[in-house]
Amino acid sequence: MKKSLLALCVCIALANSATAATTVPQSQIEALEARIKALEANDEALRKQVAAASAALDATRAELEAMKGATAPELASTQAGAEPAAETAPEPESVAAPESANGNAFNPAISIILNGSYSDHSLDPDQYYRSGFPLVGEGVPSAQGFSLGESEISFAANIDEKFYGQLTLAIGVDGDNTELGVEEAFIDTTALPSGFTLRAGRFFSNIGYLNSHHTHTDKFFDRPLAYQAFVANQFGDTGVQLRWVAPTDLFVELGGELFRGQNYPGGTAVHGADVGTLFAHAGGDVGVENSWLAGLSMLKSNTDGSEDGFSGDSTLYLADATWKWAPEGNFKDGGVTVRSEYFMVDRDGLYTDPLDPLLDQPWTGTSRGVYVEGIYRINRTWETGYRYDHLWASDSGPYASDYNPVRHSVMLTWLNSEFSLLRLQYSHDQPNPTDVDNVLTLQYQVSLGAHGAHKF
Amino acid sequence: MKTYLLSALLVSGLLASPAQAKLRIFACEPEWGSLVHELAGDKVDVDVATSAMQDVHQIEAKPSLIAKIRRADLTVCSGAELEVGWLPQLVRQSGNQKVASGDGVFSAASQVTTLQKPAKLDRASGDVHPQGNPHIQMDPYRMLTVAKALTARLALLDPTNAAFYQQRLADFSARWSTATKKWEAKAAPLKGRNIVVQHDAWIYLTTWLGIKQVGALEPKPGVPPTSAHLASLVAITKSSNTLAIIRAAYQDPKASEWLSERTGVPAVALPFTVGGNPESKDLFGMFDSTIDILLGAAK
């Protein structure tokens, strides 16, 4: 079925290009004529502009002459006025000239994210445990003291008229080791008809809201507890994704993914296609000032041994909702964002004790988690927010617990420009019945290079 | 079940792209939506992505915009990286191959010579645009050039209505040229006058009318005014016999009113695009209103 689906897609693509090629020549000639006319008109307009500009320039020169010997502020103002006038002399040939003729002209867009933080934990991160939820992957508390976190380098470009490619490398420092990780390395089709996009390679799954977003676009220093506990911060793996956007007024996006199953909640990738997802997102506007986005997703994993010792089938259900309000729709100048995501995981399998593999025990049951966050954008440079995290442990299995971890976080962010920010965050985390971790974090985050275009 | 779902998706996808429907156009800014309306009337459907009260440098890639791009046959935008923070994201997320590249993409700034191309690219200079100042809509000559190029594009994408578009262009050009002469005559007293602007977005207007910009409230493009910079502007505004302090309709009036209070120079909001004030119902209204407001400040 999947093969025939792909074949169908390809057929449609071919059919589309075929019809495009057989356009009536007469109409093309007419269009060309129209273009030539437009170019001639452009030329004429440019000539007029040159004339107007040189006239303006002459006038300015005359004025400058007249003002020789004038007092300093007056002179300054004249120069400020003269500058744009001088620039009005256009160079007609530059309209058609290519932007750049050197060998780097086709370099992909490069952007770099630098990030650093200082965290003060009241509880030693090494002593930290979360009732009902084993700590997995990067879903752990931040380091005590200074930390570089992850620096990111991203390259992206259209490959040709049918493909787009992106490579994102994450560089982290762990003790004496420098770790280079491939965060994303994928290609997207850009030429499939009817709103389909096929993606292949390594990428973050499109389940939920935050999962497909790079952490540098997050509003808080760390990911919600539910993301830490259920997908080890963020689920990404190697695989394929098919996505379709409906041709409707309402934004509707449907899709599915098939992954190797190497990363948590997968693990061993026995068949090399052990994790599958389905996702649906819808969104729209209510008036000019309100926008919303909501989704339902699921992730099914079959593993022979994941990082937390689980073997068997697990299914993650995820519901997400985002509401944004901003005066006149100017989201960067003020407004409120409210977001929540709800996680539920059903497990049916076995727990293998890493210390003694003979001590197998059944691991079935349901665990859940939620976060709710509200962000208040005060103006172009300040933003503050609150986040509430809650996890519900399963009442059976090796990590069964009556205690449900809770965390409160508040943050204040200063955004100097679109490219740099400083963030102060305080979290009050109660991961187990006996411990409290009060964390104060100061973080900087900057982006260099290509201007990023962020998702909603 | 999955099979049915996917086939249903495919079928609906095919049904949704009939061969000869009305051309659907996604206009990034209201001025281009208005221009499309002048040139194509009701032969096309137009979605305008932003309003005159929004800062087009800073638009979010909202789901509603993805849905609009998804159905577009052509995007008509200012270009010159004005929409770099949101348009590429919309196009990629929409999966619409028609507007990914080629004839489905129309950039107004690429049809004309842009001004203020920076000699040096450095973000320390603020939000600079490597391809020059993108706010070309404030020059009626450039607008006419764009209109001609846009007509050619419409004719290319929708050959059955090519003659109609040509006829509309001829009509528009005639009315526009007459109006341009009228505006120039009316604005003659503004020639040589000095203005202070909020954002460096008026170079095409000032060049056209021979107005001089003596200062900007934003110390660097896109950087919010600082008190130190504002203080230095007071002197220059006072000493330059400044006509007015200009901002676009969408901009926060606080900074320009602060300067106005301290200098006695009137602060005025110009429409900047169609819909920027009640008089700016179309492109003609936008220029009428702009010149009326400036002349009002001169009195």
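Note that the coordinates shown come from a computational prediction; the quantities given were computed from them, not determined experimentally.

Caption draft 1: The arrangement of the overall build of chain A in detail. Counting its secondary structure elements, chain A contains four helices and 17 strands. A buried classification covers 36% of the 456 residues belonging to chain A. Here the analysis covers contacts within chain A between residues at least 6 apart in sequence; of these, 60% occur between residues at least 24 apart.

Caption draft 2: Just the sheet that holds strand 3 (residues 74-77) of chain B, in detail. Residues and elements named next belong to chain B. Pairing is parallel across the open sheet formed by four strands, whose spatial order is 2-1-3-4. The open sheet has two edge strands, strand 2 (44-48) and strand 4 (105-107), and neither has a second partner. When the angles between neighbouring strand axes are averaged without regard to direction, this sheet yields 20 degrees. Bridge count between strand 1 (residues 23-27) and strand 3: three bridges; the pairing is parallel. From the neighbouring strand, A27 faces strand 3, where its bridge partner is V76. Docked against the sheet, helix 5 (residues 140-157) engages strand 1, strand 3 and strand 4, running at close to 175 degrees with respect to strand 3.

Caption draft 3: Looking closely at the nonpolar core. Grouped together as the largest cluster of nonpolar side chains are 102 residues, with contacts concentrated most on A27, V36 and L39 of chain B. Looking at this core element by element, the count peaks at 12 residues for helix 5 of chain B. Once you skip the residues sitting within four places of it in the chain, L39 of chain B turns out to touch A147, L150, T151, L154, Y165, R168, L169 and F172 of chain B. If you look at the next biggest cluster of nonpolar residues, it comprises 24 residues, including Y209, L225, A229 and L391 of chain A.

Caption draft 4: Here's a closer look at unusual backbone geometry. Residues and elements named next belong to chain A. Of note, the bond from Y264 into P265 is cis; its omega dihedral lies within 30 degrees of zero at 5 degrees. With a phi angle near 90 degrees, N233 is a residue other than glycine that sits in the positive phi range. Take N233: it is sitting in the loop between helix 4 (225-231) and strand 7 (236-245). The class of N233 is buried, set by 21 C-beta atoms lying within 10 Å.

Caption draft 5: Structural view of the domain arrangement of chain B. Residue and element names in this part refer to chain B. Here chain B is described as being made up of domain 1 (22-181) and domain 2 (187-298). Centre-to-centre, using C-alpha coordinates, domain 1 lies 24 Å away from domain 2. Listed as interface residues are 28 residues of domain 1 and, on the opposing side, 23 residues of domain 2. Residue assignment for the side of domain 1 that touches domain 2 shows that the elements contributing at least two residues are helix 2 (30-40) and helix 5. With five residues, the top contributor of residues to the side of domain 1 that touches domain 2 is helix 2.

Parameters at a glance
Residues numbered from 1 in each chain as written. Chains lettered and ligands numbered in written order. Predicted model: local features only at pLDDT ≥ 70, side-chain atom pairs only at ≥ 80, totals over all residues. Helix = DSSP H or I, 4+ residues; strand = E, 2+ residues; numbered from the N terminus. Buried ≥ 20, exposed ≤ 12 C-beta atoms within 10 Å, placed from the backbone. Contact = placed C-beta atoms within 7 Å. Pairing = 2+ DSSP bridges. Axes fitted to C-alpha atoms, helices over the stretch in contact; angles between N-to-C directions. Core = buried A, V, L, I, M, F, W, Y, C linked by C-beta atoms within 7 Å. Domains from an automatic or database assignment.

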